[in-house]
Amino acid sequence: MNLVEEIKQEVLKISEQFVLEAEDGYDFWNNHIKFVVAESLLLAENYGADKEIVQIGAMLHDIALMKKVGTKKQHNLNGAKIAEELLTKLQVPKDKIQKILGCILHHSTSRHAKNLEELCVADADILAHFDNIPMCFYSAFKLKDLSLNDIDKIKSWFESDFNDLSDQTKKAFQEKYQQIMQILFK
């Protein structure tokens, strides 16, 4: 089994455990991670980034949330620690580990990306929200206890996500974004 498959199997196990313990049955893999992986690979292809680094970074970017380690605000820092332990155990070369950790540490916004791989994962994390819009509304209505009267708040989250994309991804995604916003928020 290659490294990407080993990481995927590990993340799937962690996600399955999270589903079993989650009150709402939230499935990180099927509701978020698989979308981030798909988008990050497309971006890596378009931008000439290292696909293996991007794919592994995308799979591990929320590992601290899945393992319930620390706070959401610091999940990138905690995730990097967890990922480093896992990657070291799998005997991944140190230079590759550092690149993957960069993707995890900087996935919250492409503004902090230090290379193409980090940019791909950061932008893919945002694009995944547009790929799974039902999950975003579930989060708004169920987890954040918003109502239909709060639709402007939800709209502002989508606008904020779009504005947080890198310039090149924003440009490529502009038309699809406008269509989504037109359909959802007329």
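Structural data are supplied above this passage.
Residues numbered from 1 in each chain as written. Predicted model: local features only at pLDDT ≥ 70, side-chain atom pairs only at ≥ 80, totals over all residues. Heavy atoms only, no water.

**Digging into unusual backbone geometry**
Turning to step 1, where the next piece is worked out: Notably, K68 is not glycine yet its phi reads approximately 55°, a positive angle.
Turning to step 2, where the next piece is worked out: Along the polypeptide, K68 turns up in the loop between helix 4 (63-66) and helix 5 (75-89).
Turning to step 3, where the next piece is worked out: Although it is not a glycine, Q91 sits at a positive phi angle of roughly 60°.
Turning to step 4, where the next piece is worked out: On the secondary structure map, Q91 appears in the loop between helix 5 and helix 6 (94-105). (Helix = DSSP H or I, 4+ residues; strand = E, 2+ residues; numbered from the N terminus.)

**What to know about helix 5**
Turning to step 1, where the next piece is worked out: Counted at 1.5 Å a residue, the expected span for helix 5 with its 15 residues is 21 Å, and the 21 Å between its end C-alpha atoms agrees.
Turning to step 2, where the next piece is worked out: Listed as buried for helix 5 are H75, N76, N78, G79, A80, I82, A83, L86 and L87.
Turning to step 3, where the next piece is worked out: Turning to helix 5, the residues buried within the fold contact helix 1 (3-21), helix 3 (51-60), helix 4 and helix 6.
Turning to step 4, where the next piece is worked out: Taken from the residues just after helix 5, Q91 is the one with a positive phi, measuring 60°. (Expected span 1.5 Å × (residues − 1). Buried < 20%, exposed > 50% of the residue type's maximum accessible area, 1.4 Å probe, protein only. Contact = heavy atoms within 4.5 Å.)

**Comments concerning the packing of aromatic side chains**
Turning to step 1, where the next piece is worked out: Under the defined criterion, the tally for this structure stands at 12 aromatic pairs.
Turning to step 2, where the next piece is worked out: Where F130 meets Y177, the ring centres are 5.8 Å apart and the plane angle is 80°; that geometry is what we call edge-to-face. Pair noted here: F130 is in helix 7 (residues 116-131) and Y177 is in helix 10 (residues 167-185), with a separation of 47 residues, a long-range link. Both residues of the pair, F130 and Y177, count as buried. (Phe/Tyr/Trp six-rings, centres within 6.5 Å; stacked < 30°, edge-to-face > 60°.)

**Quick notes on the packing of helix 9 (residues 151-163) against helix 10**
Turning to step 1, where the next piece is worked out: Put simply, helix 9 and helix 10 touch, their axes get as near as 11 Å, and they point 170° apart. Viewed along their axes, helix 9 and helix 10 adopt a mutual orientation that is roughly antiparallel. Taking contact as the criterion, the partners of I151, I154, K155, F158, E159, F162 and N163 in helix 9 are, on helix 10, K170, F173, Q174, Y177, M181, L184 and F185.
Turning to step 2, where the next piece is worked out: Tallied by class, the residues present in the contact of helix 9 with helix 10 amount to nine nonpolar, two polar and three charged. (Axes fitted to C-alpha atoms, helices over the stretch in contact; angles between N-to-C directions. Parallel < 35°, antiparallel > 145°, perpendicular 65-115°, else oblique. Nonpolar A, V, L, I, M, F, W, Y, C, P; charged D, E, K, R; others polar.)

**Examining the pattern of salt bridges**
Turning to step 1, where the next piece is worked out: If you walk through the whole model with that rule in mind, you get six salt bridges.
Turning to step 2, where the next piece is worked out: K68 is the salt-bridge partner of E21, the closest N and O atoms lying 3.1 Å from each other. Note that E21 is positioned in helix 1 and K68 in the loop between helix 4 and helix 5, a separation of 47 residues in sequence.
Turning to step 3, where the next piece is worked out: Between E45 and K51 there is a salt bridge, with the nearest N and O atoms lying 2.3 Å from each other. (Salt bridge = Lys/Arg side-chain N within 4 Å of Asp/Glu carboxyl O.)

**What about the nonpolar core?**
Grouped burial of nonpolar side chains is what soluble globular proteins tend to show.
Turning to step 1, where the next piece is worked out: Formed by 63 residues in total, the largest nonpolar core has its most connected members in I7, I56, L60, L87 and F158.
Turning to step 2, where the next piece is worked out: Here this core takes nine residues from helix 2 (residues 28-47), the largest share from any one element.
Turning to step 3, where the next piece is worked out: Apart from residues no more than four positions distant in its own chain, L60 is found in contact with I7, V11, A83, L86, L87, I100 and I104. (Core = buried A, V, L, I, M, F, W, Y, C linked by side-chain atoms within 4.5 Å.)

**Details of the environment of T88**
Turning to step 1, where the next piece is worked out: Here T88 is to be found in helix 5.
Turning to step 2, where the next piece is worked out: Separated by 58 residues in the primary sequence, T88 and L146 have C-alpha atoms spaced 42 Å apart.
Turning to step 3, where the next piece is worked out: A distance of 2.7 Å separates a polar atom in the side chain of T88 from the backbone oxygen of E84. (Polar contact = N/O pair within 3.5 Å; in protein donor to acceptor, adjacent residues only side chain to side chain.)

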